[in-house]
Amino acid sequence: MKIQHHISLKDYNSFGVDVNARELIEIEKPEELLELKDKIGENEQLLFLGEGSNILFTKNFNGLIIKSTDEHIEVLEENEDTILIAAGAGLNWDNFVEFCLNQGWHGLENLSLIPGSIGSSPVQNIGAYGIEACDFIEEVFAYDITKSEFISIFKRECEFGYRNSIFKKRKELFIYKVNFRLKKKPEVNISYTALKKYFNESGIYNPSPAEVRKAVIEIRRSKLPDHTKIGNAGSFFKNPVIEHDKFLELLLKHPDIPHYEAENNMVKIPAGWLIEKAGWKGKTRGEAGVHKDQALVLINLGGAKGSEIADLSEEIRLDINKNFGILLYPEVNIL
Ligand code: EPU
């Protein structure tokens, strides 16, 4: 266990916002979690942090941050078709994806290059290019900080949805390990439009998982900024899901509107398209801005304060509501 006091969080959040935390505790082994009991004061403000790639700090954090640095990988069980792997919460997500692929364990290739850690992957059920983490998660292991006990939650109890899970509600659960069941026989999913287009253009008709990983990395790099160079947290807003009637109304005015069918006769609209259409792509407010290639991504051009980025996001929300009558909700956790 490593404990630090009054520490800058600049290197602990992908927006690169410079705020301080009162205390940061890094946990390497699950057993160390039991020692937290004596360290957490009454009414303590707590934050469980992964790699800080989905968070926007708007002020100093006057509380205790807990972070896993457990990078353990263990094979638990194996049969002809699948393999069950346990991964420590502190492991970098993309390192895990690459490691699995190199072992011949498939399925996660579409989720290549997503920033973040194993521990945060179930929280917002990370997803990209037609796949979500919950397609492969079997069990999540957590420490209940209020009861000081270890629990495990099976996938069916995780209430996984689009960028959602039970872990968004149950803030007392610190995830320290996740079990994934992967496939031993390659079975790729290239149904997402951008992937289909990529393979049509490159003349590859039966791509291997490694080729899918390569494609996803190229597509992501072509429009998503590298947070080590330009601070960002990926998509800032969720893609809104609207009523079918509302969609038909919009379609009359904007026949080119991209859309996807969602559950219960609802329609999902890409927020990036709405933001671009409203003229925000590439716009800046001081050191905060909207990325020039992907309007769903807000960026820190240098020394932006978290509050400046939050203000810009609010301005965009109001404008999208005014222009389209659609309310956007942040995907990023604003603190
Ligand atoms: N679009 C625009 N302008 C833009 C951005 C997008 O018109 O500035 C249009 C595109 O032309 C396309 C549609 O919107 O027709 C969808 O765009 P894209 O494929 O880039 O995906 P997205 O809906 O913007 C979502 C996820 C991403 C994920 C990609 C690929 C959300 C909130 N975002 O973005 O996730 O990588 O799909 O699956 O669901 C993240 O969560 O941080 C993230 C990057």
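Please refer to the structure placed before this passage.
Here's what I pulled together on the structure shown here. Along each chain, residues carry numbers from 1 onward, in the same order as the chain's sequence is written. Per-residue local features of the predicted model are confined to residues with pLDDT of at least 70, and side-chain atom pairs are confined, for both listing and counting, to 80 or more; whole-chain, interface and lining totals are unaffected and use all residues. Only hydrogens and water are set aside; all other atoms, that is, all heavy atoms of the structure, feed into the side-chain values.

**Considering the pattern of salt bridges**
Right, on to step 1. Whenever a carboxyl oxygen of Asp or Glu lies within 4 Å of a side-chain nitrogen of Lys or Arg, that contact is scored as a salt bridge. One pass over the full model with this rule turns up 21 salt bridges.
Right, on to step 2. In this structure, E80 and K185 form a salt bridge, with 3.9 Å as the shortest nitrogen-oxygen distance. With E80 in the loop between β6 (73-78) and β7 (82-88) and K185 in the loop between β12 (173-183) and α2 (193-202), this residue pair connects regions lying 105 residues apart in the sequence.
Right, on to step 3. Sharing partners across several salt bridges, the network here consists of R22, E23 and E44. Every helix listed is a DSSP run of H or I at least four residues long, and every strand listed is a run of E at least two residues long, numbered separately from the N terminus.

**Examining the environment of G127**
Right, on to step 1. Within the fold, G127 resides in strand β8 (residues 127-128).
Right, on to step 2. Sequence separation between G127 and Q4 is 123 residues; the distance between their C-alpha atoms is 33 Å.
Right, on to step 3. Any pair of residues with heavy atoms lying within 4.5 Å of one another is described as a contacting pair. If sequence neighbours within four positions are ignored, G127 has contacts with L111, I114, E132 and R163.

**As for the packing of helix α1 (residues 93-103) against helix α3 (residues 209-223)**
Right, on to step 1. Here the axes come from fitting lines to C-alpha atoms, over the contacting stretch only for helices, and the angles between their N-to-C directions go from 0 to 180 degrees. Put simply, α1 and α3 touch, their axes get as near as 10 Å, and they point 155° apart. By the angle between their axes, α1 is roughly antiparallel relative to α3. The two elements α1 and α3 cross, and the hand of that crossing is left-handed. Contact with α1, carried on its side by D94, V97, E98 and L101, involves P209, A210 and R213 of α3 and no other residues of that element.
Right, on to step 2. Residues are grouped as follows: nonpolar covers Ala, Val, Leu, Ile, Met, Phe, Trp, Tyr, Cys and Pro; charged covers Asp, Glu, Lys and Arg; every other residue, Gly included, is treated as polar. Of the residues assigned to the contact of α1 with α3, the class counts are four nonpolar, no polar and three charged. Oblique is the label for any angle not covered by the other classes, which are roughly parallel (under 35 degrees), roughly antiparallel (over 145) and roughly perpendicular (65 to 115). A clockwise turn of the near helix away from the far one marks a right-handed crossing, whereas an anticlockwise turn of less than a right angle marks a left-handed crossing.

**Concerning the nonpolar core**
Right, on to step 1. Counting 44 residues, the largest nonpolar core has F15, I275, I309 and I316 as the members making the most contacts within it.
Right, on to step 2. Of all the secondary structure elements, the ones that give two or more residues to this core are β2 (20-27), β3 (46-49), β4 (55-56), β5 (61-68), α4 (244-253), α5 (271-277), β18 (288-290) and α6 (306-324).
Right, on to step 3. Here I316 is in contact with F237, I275, W280, V290 and L298, once residues within four sequence places are set aside.
Right, on to step 4. Take the buried Ala, Val, Leu, Ile, Met, Phe, Trp, Tyr and Cys residues and link them wherever side-chain atoms come within 4.5 Å; each set so joined is a nonpolar core. The cut-offs for exposure are 20% and 50% of the maximum accessible area for each residue type, with area from a 1.4 Å probe on protein chains only; residues under the lower value are buried, those over the upper are exposed, and the others partly exposed. Of all hydrophobic cores here, the second largest spans 38 residues; its members include I83, W93, F136 and I137.

**As for α3**
Note that an α-helix has 3.6 residues per turn; residues three or four places apart therefore point the same way.
Right, on to step 1. Relative to the 21 Å expected for 15 residues at 1.5 Å per residue, α3 spans 22 Å between its end C-alpha atoms, a close match to the ideal helical length.
Right, on to step 2. By the burial criterion, the buried members of α3 are P209, V212, R213, A215, V216, I217, I219 and R220.
Right, on to step 3. Against the buried residues of α3 lie α1, β8 and α2. Take the residue count of a helix, subtract one, and multiply by 1.5 Å to get its expected span.

**Details of the packing of α2 against α3**
Right, on to step 1. For the pair α2 and α3, the least separation of the axes is 10 Å and the interaxial angle reads 110°. If you check the angle between α2 and α3, you find them roughly perpendicular. Relative to α3, the crossing made by α2 is right-handed. Contacts between α2 and α3 involve A194, L195, Y198 and F199 from the first element and E211, V212, K214, A215, V216, E218 and I219 from the second.
Right, on to step 2. Here the contact of α2 with α3 is built from residues that sort into eight nonpolar, no polar and three charged.

**Here's the deal with the layout of surface pockets**
Right, on to step 1. The method works on a 1 Å grid over the protein atoms by themselves. A cavity is a set of points holding a 1.4 Å probe that cannot get out, a pocket is an open set with protein on both sides within 12 Å along at least five of seven lines, and residues with an atom within 4 Å of a point line them. Grid points are joined across faces, edges and corners, and a volume is the space filled by probe spheres set on the points. Reported here for the second largest pocket is a volume of approximately 410 Å³.
Right, on to step 2. Together, 19 residues line the second largest pocket, and L113, P115, P225, D226 and H227 are the ones closest to its centre.
Right, on to step 3. For the lining of the second largest pocket, the elements supplying multiple residues, two or more each, are α3 and β13 (231-235).
Right, on to step 4. It is β13 that contributes the most residues to the lining of the second largest pocket, three residues altogether.
Right, on to step 5. Residues of the lining of the second largest pocket, tallied by class, amount to six nonpolar, eight polar and five charged.

**Brief notes about the sheet that holds strand β15 (residues 260-261)**
Strands belonging to one sheet form pairs held by backbone hydrogen bonds; the direction of such a pair is parallel or antiparallel.
Right, on to step 1. Spatially, β14-β16-β15 is the arrangement adopted by the three strands of the open sheet, whose pairing is antiparallel. Looking at the sheet topology across the chains shown, the edges are occupied by β14 (241-242) and β15.
Right, on to step 2. Whether two strands pair comes down to DSSP finding at least two bridges between them. Alignment of β15 against strand β16 (residues 267-268), held across two bridges, turns out to be antiparallel. What sits directly across from Y260, in β16, is K268.

**Considerations on unusual backbone geometry**
Right, on to step 1. A positive phi angle, near 45°, is found at N125, a position not held by glycine.
Right, on to step 2. By the secondary structure assignment, N125 is in the loop between α1 and β8.
Right, on to step 3. The phi angle at N265 is positive, at roughly 60°, despite the residue not being glycine.
Right, on to step 4. On the secondary structure map, N265 appears in the loop between β15 and β16.

**Side note on the sheet that holds β13**
Right, on to step 1. What the four strands build is an open sheet, ordered β13-β19-β18-β17; its pairing is antiparallel. Whereas interior strands pair on both sides, the edge strands pair on one side only; in this sheet they are β13 and β17 (284-285).
Right, on to step 2. Bridge analysis of β17 against β18 gives two bridges, and the strand direction is antiparallel. The residue bridging T284 from the neighbouring strand is G289, located in β18.
Right, on to step 3. In this fold α6 packs onto β17, β18 and β19 (297-300), with an angle of close to 40° to the strand it touches most, β18.

What is shown is where atoms sit, not what they do.
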